[in-house]
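Each chain, written out:
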Amino acid sequence: MPRTVTPAQLSALQRHPEHVRNICILAHVDHGKTTLADALVASNGVISARLAGRLRYLDSRPDEQRRGITMKSSAIALHHADAAGAHHLINLIDSPGHVDFSSEVSTAVRLCDGAIVLVDAVEGVCAQTKAVLRQAWTEGIRPVLVLNKIDRLVLELGLTPLSAHLHLSQVLEQVNVVMAELFTTEFLERPSAPPPDAAAGPDTSEPADPTTRDMADWATGLEDADDSAVYFSPDAGNVLFASAYDGWGFGIKHFSKIYSEKLGIREEVLLKTLWGDYYLNAKTKRIMKGAQEKAKVPLFVQFILQNVWAVYEAIAVRRDREATEKIVSSLRLTVSARDLRSTDSRVQLQAVFSQWLPLAPAVLDMVVTHLPAAASLSEERAQRLLAATASSFDRLPAETRALLPHFTRCSGADDAPCIVFVSKMVAVDRAELPENRTRPLTAEEMARRREEARRRHAARAAAPDNEPGAGSEAAGVPLSEQQMAALRLAEPATPSEPAAADPRDVFVAFARVFSGTVRPGQRLFVLGPKHDPAVALRRLAAAGAVSAAASLAELPAGQHVTECSVESLYLLMGRALEPLEAAPAGCVVGVGGLADHVLKSATLASTVACPAFSELSSAVVPIVRVAVEPARPADLPRLVAGLRLLNQADACVRVTVQESGEHVLVTAGEVHLQRCLDDLRERFAGCEVVASPPIVPFRETIVEPPQLDMVNEAIEEARAEQPEAAQGLVEVTTPSRQATIAVRAVPLPPDVVELLDASADLLAGLHSRRHGDSGGGDRHADEEDEVASGRRRRLLSEAASEPQAGEELEKSETELSEKNRLELHQLLSAGGEAPPEPAAGTVSWSRARRCRDELRRRLAAAGRHQLAELADSVWSCGPRRCGPNLLFNAVPGYARLSLWAPPPDSAAEPPSPLAAFDDCVVHGFQLATAAGPLCEEPMRGVAFVVEALAVRPAEAAESAPAGAAAAVCGPLSGQIVSAALAACRRAFQAQPQRLMVAMYQCQVHVTGAALGRMYSVIGRRGGRVLHGDMNEGSHSFSVTAYVPVVESFSLAQELRKETSGLAAPQLVFSHWETLETDPFWVPTTEEEYLLFGQKADTENAARRHMNAVRRRKGLAVDEKIVEFAEKQRTLARKK
Ligand SMILES: Nc1nc2c(ncn2[C@@H]2O[C@H](COP(=O)(O)OP(=O)(O)OP(=O)(O)O)[C@@H](O)[C@H]2O)c(=O)[nH]1
Ligand SMILES: [Mg+2]
């Protein structure tokens, strides 16, 4: 089929935002998104209808085709004419469903107004289905539902139409349960605000069932709590039943029209009753309620499913050619004889269904009627986009608020401010750009050239000295430029060929225009994530003009605006790009020329009054890190350049350079890592890259002393050599003997750690408030941080390498050179330690107080009454000043300002002599929590209580005079940092230490047959199964398990191998879990010797992990290589 629409027609449609729909397809992995997209793409003639569903056109990368999963979201512009003859432009984005690529989903959702959510009718709602529904909800975009793969109900499960109906209603119910959860959560959180989706969009005017409304009012007491628009229901028209693979799909509306003519029942009545518990009374010809009760066949089964089932049975089950032909003729379809005679039943099915119930029109009709147009952006969503950095829309400057009508009206007028959001940067092969592509000749050009050639031929024939057989070249006549051009088959690229030094890939920004019209050559401001319109407007008023840096690299500190020029605009057409003259408000386009200005996402605007849109949130945390290096050392510059490109092209990747020069790549999971490495090798770096085995993070913690030993015997040995009060208390004195600090470490209860995790932004805000905002933490904070942590680690190991005994520690402290001390201080005060910025720019003190009270409550509830009393004297938290460890002040007589209350304006507080060294103790604590003594991984869930801190003035110190002490031992503040660090580490070591491992939550769908083998694979890897429920109406189970991240590599391959490809896991980071074994455990009691033997050579997982990390970091490992060696004998080979 030829292409039915030209890019010119599509770009003409862009000028009517009321006819533009920006939508994405969302679903769990493998539910058929790309297959559905194929059907839609085929409806525009981009691919042949015969190949739709087989080609997976939008999976354009070779690895996507090879692995059969989508890895990058890609967009295509489609045309659709509805039944009324109106023309629509649909910008469709196909997104990946694999959890590793969820960041691609976030980038797609931000640009859209609506989403097609797909659910596999057999598998039902899966983990990612919930995640994408939540994502759509939080972004305020409206979803419609497609229940896909209905053919599997017939062909795989062999369900009857009646049981299929039951099954489908259960799946629908599952989806609606998720929606109800989202609705109620939001409703309870914001009791006074209307729900974003329920009130938005053009079709909320449809009358809601009055009874449900009354009930909602009664139950919740809120007039606007009409949740009817939130749910999916076939009679509301927002649900479609489909099989994307066989190319069919229908909504209730389609059949209600047909049967209203046949039965003479009004269409509206049928629309309300075709789905649900209704049946047709054959005698009275009336529709009655209560089909289930009276054991009647529901209308949906009788009129719809039975017909669909009949086709499947005739074609695919019985392979009955006669019946097939009968069906074809009774449905009045024109199916080609070739298709009907095909031996492949799927070809026959596709041929029949694509005529009877074509998928693309059904989907696109639903999209244009139920999803909002680009022009009808709801006020609520616009406000939310604009007020990303401020606490509320009303607090924004007047100039910013004035932008709102441009958003909601979607004004593409020339005088409207131009606002564009870039959600990701896509690397495109330079040769693929339309300006560099060889363009096929148009018909007129071909005719013109033919004419020219004919003329030349005639002229040559007429020339007297023409010799037959001698071409003009042979005769020595050089061809003219024109002649040369005529000999070429295609038009040469218009601009000169790209210079050899140019990189192969160029970046095209994936963007949506929210207001105004963008044209090539236009200059726009690029607003960084921390851009504050109020500050910029003030600066503008003072200076008269905005001074913006030319590129990201030149950006001075404290400024967040650069200026860029739009080089080119493209229409996104799946694998191809088409040039555009202008992009008016409401459309999704590609923008060229932003590579130096935008790292991953950005807001572009023609005015600085526009705030930066909130950054894209992603549910996945990058957790798998590998060190990469080129196979040939000479390729290092290429690798470095390649990593930079990769970082820009992928929202979820983090690239850092460690102090040691190691390049580290942090990715969301194994599949993501593989794709990143492939990208590096084949595209960005173009050289062979070697990756280290994945580095998995650990945490260190302490626990209560155990009550039972390893053989479950009660530990009776009294630890009463010391008085109770002194147990675990560690006292350290500085080398100059001027200061002493005593610290005790106590484990924090899990729910306190949870509270600290949840309040990280608040804690960081509290800290920066107390210490004056350093303004640090710029776009490159991550990289700096990584460097800083590397350097910190080195300093740490130099400063206090395994402080086991007091003398050793003091020795190492004196060795801490002056230079190192200085570096340490610089490091701590520089951006590297910058905490995350407080969310709203200001600290909410009431929230701080609430957090303190909650902390106290949770500590008391866990029986930690001593700590609960100290809740008001929290000194700091760490590492990075917002982590899950606490430092408490229990120094008698030292009253600090509370962390939880605003600092007083006047400095009227009586300065305690200790206050001067306050920060030193905090720094020591930060260093200690950033790298624990087990294997220098961060600590988690540890409270340090400072029970004594004494600083004697230098004169009083018994040793040499002050000057001399400083000369030998360094400045006192540095010594206190080291002493606090050492005290914390040793207090930690005085408690039972444990290692914590990161856990993945693993979701697997398997059939009953493969269940056992799957359990054994998970068990072998130290995982535990939480629950394994049988899916209703099918033979498959969905199993949820926890698996340690460190044991999870190649789990997918192993599972696939063991279960013959039947199980594929989805792994998402879930939580940190403490390993119960003590990494230093050795058998001590009789029973333990008996059970474990003297060598205790049974596996100690904690020690194995700890030693692996220590070895990787170059730390000392306490391991004997050969123990109990035996003499080696060479066995004689006697045969
Ligand atoms: N039986 C059946 N199979 C289908 C149907 N739709 C898709 N499939 C198959 O399901 C598999 C996955 O389809 P895709 O379209 O790649 O799924 P996806 O949702 O795009 O997957 P990701 O992009 O990786 O998340 C393919 O093998 C399809 O052939 C359907 O309606 N019926
Ligand atoms: Mg896909």
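Being a predicted model, the structure only gives us computed values, none of them experimental.

Undergrad: Even after reading the chapter, I still don't get the sheet that holds strand 23 (residues 689–691), so can you show me in this structure?
TA: Spatially, 21-22-20-23 is the arrangement adopted by the four strands of the open sheet, whose pairing is antiparallel. A single partner strand is all that each edge strand has here, and the edge strands are strand 21 (654–657) and strand 23. Along the sheet, successive strands turn relative to each other by an average axial angle of 30°, direction set aside. Where helix 24 (residues 670–684) meets the sheet, it contacts strand 20 (624–630), strand 22 (663–667) and strand 23, and its direction lies at approximately 135° from that of strand 22.

Undergrad: What is the right way to read the coordination of the magnesium ion (ligand 2) from this model?
TA: Ideal geometry at a metal centre: 109.5 degrees between donors when four sit tetrahedrally, and 90 or 180 degrees when six sit octahedrally. Those protein atoms acting as donors to the magnesium ion (ligand 2) are Thr34 (OG1) and Thr70 (OG1), and they sit at 1.9 Å. Here Thr70 lies in the loop between helix 3 (62–67) and strand 2 (74–81) and Thr34 lies in helix 2 (residues 33–43), a separation of 36 residues in the sequence. Residue classification places Thr34 among the buried residues on the basis of a relative accessible area of 7%. Take Thr70: its relative accessible area is 7%, and that puts it in the buried class.

Undergrad: Would you mind showing me how to read helix 24 here?
TA: Given 3.6 residues to a turn, an α-helix orients residues that are three or four positions apart in the same direction. With 15 residues, helix 24 ought to run about 21 Å at 1.5 Å a step, and its terminal C-alpha atoms sit 19 Å apart, in line with that. Gly686 lies just past helix 24 and shows a positive phi near 70°.

Undergrad: Explain empty space enclosed by the protein to me, please; I cannot follow it from the model alone.
TA: On inspection of all chains with the given rule, the structure shows five cavities of 30 Å³ or more. By volume, the second largest cavity is sized at about 50 Å³. Lining the second largest cavity are Val99, Asp100, Val620, Val621, Ile623, Ala668, Tyr1000, Leu1067, Val1068 and Phe1069. The element best represented in the lining of the second largest cavity is strand 33 (residues 1066–1074), accounting for three residues. When the residues that make up the lining of the second largest cavity are grouped by side-chain class, the tally is nine nonpolar, no polar and one charged.

Undergrad: In this structure, what is going on with the packing of aromatic side chains? I would like to understand it.
TA: The description of an aromatic ring pair uses the distance of the two centres, along with the angle that the planes make with each other. Using the criterion set out here, one finds 20 aromatic pairs in the structure. Three or more aromatic residues joined by ring pairs make a cluster, and in this case those are Phe241, Trp248, Phe250, Phe255, Tyr259, Trp275, Phe300, Phe303, Tyr312, Phe353 and Trp356. It is Arg110 that lies over the ring of Phe421; its NZ or CZ is 5.0 Å from the centre.

About the thresholds
Residues numbered from 1 in each chain as written. Chains lettered and ligands numbered in written order. Predicted model: local features only at pLDDT ≥ 70, side-chain atom pairs only at ≥ 80, totals over all residues. Heavy atoms only, no water. Pairing = 2+ DSSP bridges. Helix = DSSP H or I, 4+ residues; strand = E, 2+ residues; numbered from the N terminus. Axes fitted to C-alpha atoms, helices over the stretch in contact; angles between N-to-C directions. Contact = heavy atoms within 4.5 Å. Donors = N, O, S within 2.8 Å, 3.2 Å for Na, K, Ca; no water. Buried < 20%, exposed > 50% of the residue type's maximum accessible area, 1.4 Å probe, protein only. Expected span 1.5 Å × (residues − 1). 1 Å grid on protein atoms, 1.4 Å probe; cavity = no way out; pocket = protein on both sides within 12 Å on 5 of 7 lines; lining within 4 Å. Points joined across faces, edges and corners; volume = space filled by probe spheres on them. Nonpolar A, V, L, I, M, F, W, Y, C, P; charged D, E, K, R; others polar. Phe/Tyr/Trp six-rings, centres within 6.5 Å; stacked < 30°, edge-to-face > 60°. Lys NZ or Arg CZ within 6 Å of the ring centre and 35° of its normal.

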